[in-house]
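Chain and residue survey
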Amino acid sequence: MDFSLTDDQKALVQAAADFSRAELAEHAAEWDATSHFPVDVIRRAGEAGLLGIYIPEERGGLGLSRLDASLIFEQLSQGCISTTAYLTIHNMVAWMVASWGSEALRESWVERLISGECLGCYCLTEPGSGSDAASLRTKAVREGDEYVISGSKMFISGAGANDVLVVMARTGAPDSGAGGVSAILVPADAAGIEYGKNEEKMGWKSQPTRLISFDGVRVPVGNRLGEEGEGFKLAMKGLDGGRLNIASCSLGAAQHALTLSRNYLQERKQFGRELAQFQALQFKLADMATELAAARLMVRHAAWRLDQGDPEATAYCAMAKRFATDMGFNVCNEALQLHGGYGYLREFPLERMVRDTRVHQILEGTNEIMRVIVARRLLADGVIEALQ
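Calculation notes
Residues numbered from 1 in each chain as written. Predicted model: local features only at pLDDT ≥ 70, side-chain atom pairs only at ≥ 80, totals over all residues. Heavy atoms only, no water. Helix = DSSP H or I, 4+ residues; strand = E, 2+ residues; numbered from the N terminus. Expected span 1.5 Å × (residues − 1). Bend = angle between axes of the 7 residues up to and from the residue. Buried < 20%, exposed > 50% of the residue type's maximum accessible area, 1.4 Å probe, protein only. Contact = heavy atoms within 4.5 Å. Pairing = 2+ DSSP bridges. Axes fitted to C-alpha atoms, helices over the stretch in contact; angles between N-to-C directions. Parallel < 35°, antiparallel > 145°, perpendicular 65-115°, else oblique. Left-handed = near helix turned anticlockwise from the far one by under 90°. Core = buried A, V, L, I, M, F, W, Y, C linked by side-chain atoms within 4.5 Å. UniProt positions renumbered as here; feature names shortened; annotations may be inferred.

Comments concerning helix α6 (residues 103-115)
Since there are 3.6 residues in each turn of an α-helix, residues three or four apart along the chain are aligned in direction. Taking 1.5 Å per residue as the helical rise, α6 with its 13 residues ought to reach 18 Å, and the 18 Å between its terminal C-alpha atoms agrees with that figure. Considering bend angle alone, the principal kink of α6 is centred on W109 and spans about 35 degrees. The set of residues buried in α6 consists of L105, R106, W109, V110, L113 and I114. Those residues of α6 that are buried lie in contact with α3 (39-47), α5 (81-100), β1 (120-123), β4 (164-170), β5 (181-187) and β8 (224-225). Of the residues flanking the end of α6, it is G116, one or two places downstream, whose phi is positive at about 90 degrees.

Pasting the structure below:
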């Protein structure tokens, strides 16, 4: 069992770190302060191949594994957590279109999504169905060769600055549950779409978050991804990888917080000694590093399971997401505490990192829902034994 990175993976890590330093780190505080969505930088990420990371090469992407993607997102998030989080969402949208769209849809959208010419949004959450996503009420009624979509989606990252939406809508009866949901690609400027105000959020301020309303929006039936009624299954497949992506953003945030803490403890003096000489603070730093190492192993293991098509990959992804996002927030919060009053100042990055990582425990399925997913699998016959 070899845990070391290959030479190719080391090169990916270095390239992602270089992009993070050159394009993200220097501007992250300004983007946060002004709620600026850096579309120009996102498009440069597309030029670097970072918007089609796990789309197959024959469809224009890099064709990398989910493990490779995790390594990349961990590095990018050390520059800007919020912007990297949007890049993960865009990658998920592009991958879904490339994987399940018709040939015509792929020809129309995939190349432009990979390049960054077009930006994507993932539309699952609704005002009345957050954790209970299968109860969504946005409906798509078929009329001839078109779907007519009505309803609303909430907390949509990138909304209002986007070009395409992947919308989960009910094509079955109102009580059809998960089996009555279809995934439909909708151009962002289609007649009948309205965007709400940019929400004032605690963190993730470098990307807009809006409610989207659909009032009789007409799109061709050919815009459906996969078969009718497969949408919820496709959405969950997307979220397996999405959970690893956001967990990887938490790893990067924790790594950055750990580095800042080490440097601060070595520079700051109190009572005539460097803070690094106080054993209590040494122990705190050691615990932060230990939790980060454990979370990193969990995320990379889950990514490997997903790459292998393991039947328990969903449970592994849920466990990794829960642990890594809890850890990421805790490490950033402890780093702020180690910095004392300075950590609370906007001049320092830690207060922003605490705000940005907090939402990771909520999105892509709350960490409570991650526990539900894992517990349900554990209660099935033979699964506990299979997870050894």
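With respect to the pairing of strand β7 (residues 209-220)
Walk down a regular strand and you will see the side chains alternate between the two sheet faces. For strand β3 (residues 146-157) and β7, the ladder comprises 9 bridges, and the chain directions are antiparallel. Looking at β7, one finds that S157 is bridged to T209.

Brief notes about the packing of helix α1 (residues 7-25) against α3
Put simply, α1 and α3 touch, their axes get as near as 11 Å, and they point 160 degrees apart. As the angle between them shows, α1 and α3 are arranged roughly antiparallel. Note on packing geometry: the crossing formed by α1 with α3 is right-handed. Residue-level inspection shows F19, E23 and L24 of α1 in contact with α3, the latter providing V41, R44 and A45.

Quick word on the nonpolar core
Counting residues in each nonpolar core, the largest one holds 56 residues, and the members touching the most others are L76, M96, W109, Y122 and M168. Ignoring sequence-local partners within four residues, the contact set of M96 consists of G101, Y122, V166, M168, L225, L234 and A235. Of all hydrophobic cores here, the second largest spans 35 residues; its members include A254, A295, A302 and A320.

Structural notes on the UniProt feature "domain: Acyl-CoA dehydrogenase/oxidase N-terminal" (unreviewed entry) in the protein chain
Residues annotated in UniProt with the feature "domain: Acyl-CoA dehydrogenase/oxidase N-terminal" (unreviewed entry) correspond here to residues 6-117. Within the segment residues 6-117, helix and strand shares are 71% and 0% respectively, and the terminal C-alpha atoms sit 32 Å apart.

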